Amino acid sequence: MNRISYKYILLLFPFLMISITLSAQEDYKLWLQYAKVSDSKLVSDYNSNINGIVALGNSETIRVASKELQLGLSSLLDNTTVIQQNIEAENVLILGSKTSLNEAISKSLNKEFEQINNEGYIIKTIQIKNKNHILITAKTDIGVLYGVFNFLKLIQTNKSVENLNIVDAPKIDIRILNHWDNLNGTVERGYSGSSLWNWQKLPDFIDQRYIDYARANASIGINGTVLNNVNANALILTPLYLNKVEALANTFRPYGIKVYLTARFSAPIEIGGLKTADPYDAAVQQWWKDKVAEIYTRIPDFGGFLVKANSEGQPGPQNYGRNHVDGANMLADALAPFGGIVMWRAFVYSEHDVNDRAKQAYSEFVPYDGKFRDNVIVQVKNGAIDFQPREPFHPMFGAMPKTPLMMEFQITQEYLGFSTHLVYLPKLYQEVLDSDTYTKGKGSTVAKVIDGSLDNHKLTGIAGVANIGSDINWTGHPFAQANWYGFGRLAWNPNLDSEVIAEEWLRMTFSNDLNFVNPIKEMMLKSREAVVNYMTPLGLHHIMDTGHHYGPGPWVSNLSRPEWNPVYYHKADKNGIGFDRSKTGSNATSQYTPDVAKIFDDVKTCPEEYLLWFHHLPWDYKLKNGQTIWDGIALKYQKGVDEVATMNTTWDKMNPYVDEQRFREVQMLLKIQLKEAKWWRDACLLYFQQFSGKELPKGVENPTQTLEYFETLKFPFAPGNN
Ligand code: BDP
């Protein structure tokens, strides 16, 4: 490089830096962009309704809430209204919890207060001495904070703030993220950088990101976080680490976020110096009691433990001839005096069990219904196999009426193209939540099982395996932020429509311009079916390459555990394809209630999206549209690719509505997605074609590489696989 160009760069440097920081900030700001409202008429309408803020109460949370309000209003509306003490002017925004309100106002809202729980909020236009004001109130300060975020959302999405009367409350108590973060900074199944938690610098260094993380979560109502991996390291329970955990808990507290930890079942041996971790052993019980007491002296509102036991090699009560109830209840007894809970995972399957893997969790857990302590909730994964692009709902939902069950969704895209593919997951979550278990007749949806309304449970919860990491944009893909957002919204209310969620998110994150919102919303909504089509159409599942799960690997058959091999799941041979889970096969269908079992069992009534999940069918079996299975599969793979091509052309037109950096990022990512969708199509079709022996139907593009080529692809350093 010559001197002139050096000089040129040096001159440009400050500007380059500014533009990098600015656009990076957009990525970083998630859905809390607070971009200036572009319609000036709207701005003046809003401003005429907001003449000042009166914040009642002086907790940290109220401080955070009023700061948020000031930030939002100044940046959305250039409204630099300040906090004031008295309501003198008209149209003042008042925020404060019930106890901080004067008696007359509080009484006038009795009806509304009755409708909300401790985390709900009320946003209401009220009159005081004939003057209009907007009141944001709740039973607790955290409720007020939720109200503030929702008030700002009205402005962010250009809704009216006249005559407000909003009463809203979460339907599920524990709305929690599960971080599969390791103490060495890596993230299991993480595709957006390393762990947010800098254990080395904690507790003294509080990274601004911890605060921004808490704020983002509070804005969508998430109220808990499990900091560390379910494949747990006992060291997190030592004083060295508890000190650091305490610092994080202190940081998150004003935002209503409780900290939970994973508990390694063998911790009493590994860090406690005991010879056993047998839950029947008195010394072991005492060790956990002492450990829990120690945690609560540091973190008085500690949430409790998440436990993966006797699953994929993790230690558990079965190592001592005890069962899940023994293990969970021992921990529950230690936590109960402090109000803590145990989230005991039901993700279990064993290589020694010759039964269909899809049946094992149900078989192992359902007999224990009603035997767990009141502060135990069983955490059931979405899908009896493992977070696939599509799985029928887990048969445990509805099958344990005497035990609270919580849902575990995966937000990180282990099986859905990592953080490279644009897949809008709330569409998937909604499909599962709306599924009908029929356990108490029609309408016994999964949502009703987990919000406790079906069986009257007090303890309710929903967990999302986080997709958050150290990347500037938090989630790797700008659109993966929508999955974090959407998880939070559905955790708050599992009956929300994923389309409504997509629209709010787009408006807050990018633009209110309908020329942008409408086509991109449609693109998001279709993206989930697209990934199903180009990866695992018609009920195929778990045919990803093994270990890292990146890309197709339907041919893999050499792993020691049979159920780790894709061939176990698709069972393709000369006679056909699919896993027979009907009465004639593994009879997994019998784990559903008779109404549901009947539908899945009969190949004629089984929804085609689950066809090969429940049935093994000949290659020339006719689908409802008259296509053979072979043609149907091939055309679905092609359709998935075509859908991604359409996503590309849709996005290419969005340049005018999106900042340059995010526009480019998404554009590049969609190109990779298209390349990988074709890879999936070609590799899977070439592989299955060996068995079907049939030509590709008209309309399906010819593969550009051989099967041997695809089989030789290796990715030893694919992320997330530690
Ligand atoms: C599988 C993941 C593995 C997790 C396991 C779990 O591949 O990394 O540890 O689930 O949920 O999906 O425990």
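Residues numbered from 1 in each chain as written. Predicted model: local features only at pLDDT ≥ 70, side-chain atom pairs only at ≥ 80, totals over all residues. Heavy atoms only, no water.

**A closer look at the site of the ligand**
Taken together, 14 residues lie near the ligand, and E188, K308, R345, D386 and E414 sit nearest. At 2.4 Å, a side-chain N or O of E188 approaches an oxygen atom of the ligand. Take D386: an N or O atom from its side chain is 2.6 Å from an oxygen atom of the ligand. In isolation the ligand offers 320 Å² of accessible surface; the protein chains occlude 97% of this area. Within the shell around the ligand, the residues separate by chemical class into 4 nonpolar, 2 polar and 8 charged. (Near = heavy atom within 4 Å. Polar contact = N/O pair within 3.5 Å; in protein donor to acceptor, adjacent residues only side chain to side chain. Areas by Shrake-Rupley, 256 points an atom, 1.4 Å probe, with all protein chains shown as cover. Nonpolar A, V, L, I, M, F, W, Y, C, P; charged D, E, K, R; others polar.)

**Re the sheet that holds strand β11 (residues 376-381)**
The strand order around the closed barrel built from 8 strands is β6-β7-β8-β9-β10-β11-β12-β13, with neighbouring strands paired in parallel fashion. Adjacent strand axes in the sheet meet at a mean angle of 25° when their direction is disregarded. Two elements, strand β12 (residues 405-410) and strand β13 (residues 461-465), share 4 bridges in a ladder whose sense is parallel. Counterpart to F409 in the pairing with β13 is G464. (Pairing = 2+ DSSP bridges. Helix = DSSP H or I, 4+ residues; strand = E, 2+ residues; numbered from the N terminus. Axes fitted to C-alpha atoms, helices over the stretch in contact; angles between N-to-C directions.)

**Observations regarding the confidence of the model for the protein**
Scored by pLDDT, the protein comes out at a mean of 95, with 96% of its residues at no less than 70. Under a pLDDT of 50 for its full length, residues 1-22 has, in the predicted model, 3 contacts with residues more than four places off or in other chains. (pLDDT = per-residue confidence, 0-100. Contact = heavy atoms within 4.5 Å.)

**Considering the packing of aromatic side chains**
Across all of its chains, the model carries 46 aromatic pairs by this definition. Taking 6.3 Å as the distance between ring centres and 65° as the angle between the ring planes, the aromatic pair formed by W555 and Y687 counts as edge-to-face. Remark: Y687 occurs in helix α22 (residues 660-692) and W555 occurs in the loop between α17 (514-535) and α18 (566-570); sequence separation between them is 132 residues. The pair formed by W555 and Y687 is uniform in burial state, with each residue classed as buried. (Phe/Tyr/Trp six-rings, centres within 6.5 Å; stacked < 30°, edge-to-face > 60°. Buried < 20%, exposed > 50% of the residue type's maximum accessible area, 1.4 Å probe, protein only.)

**Remarks on the side chain of E112**
Note on placement: E112 falls in helix α5 (residues 110-115). For E112, the side chain forms a polar contact with the side chain of K124, separated by 3.1 Å. Contacts of E112, omitting those with residues within four sequence positions, involve I122, K124, N165 and V167.

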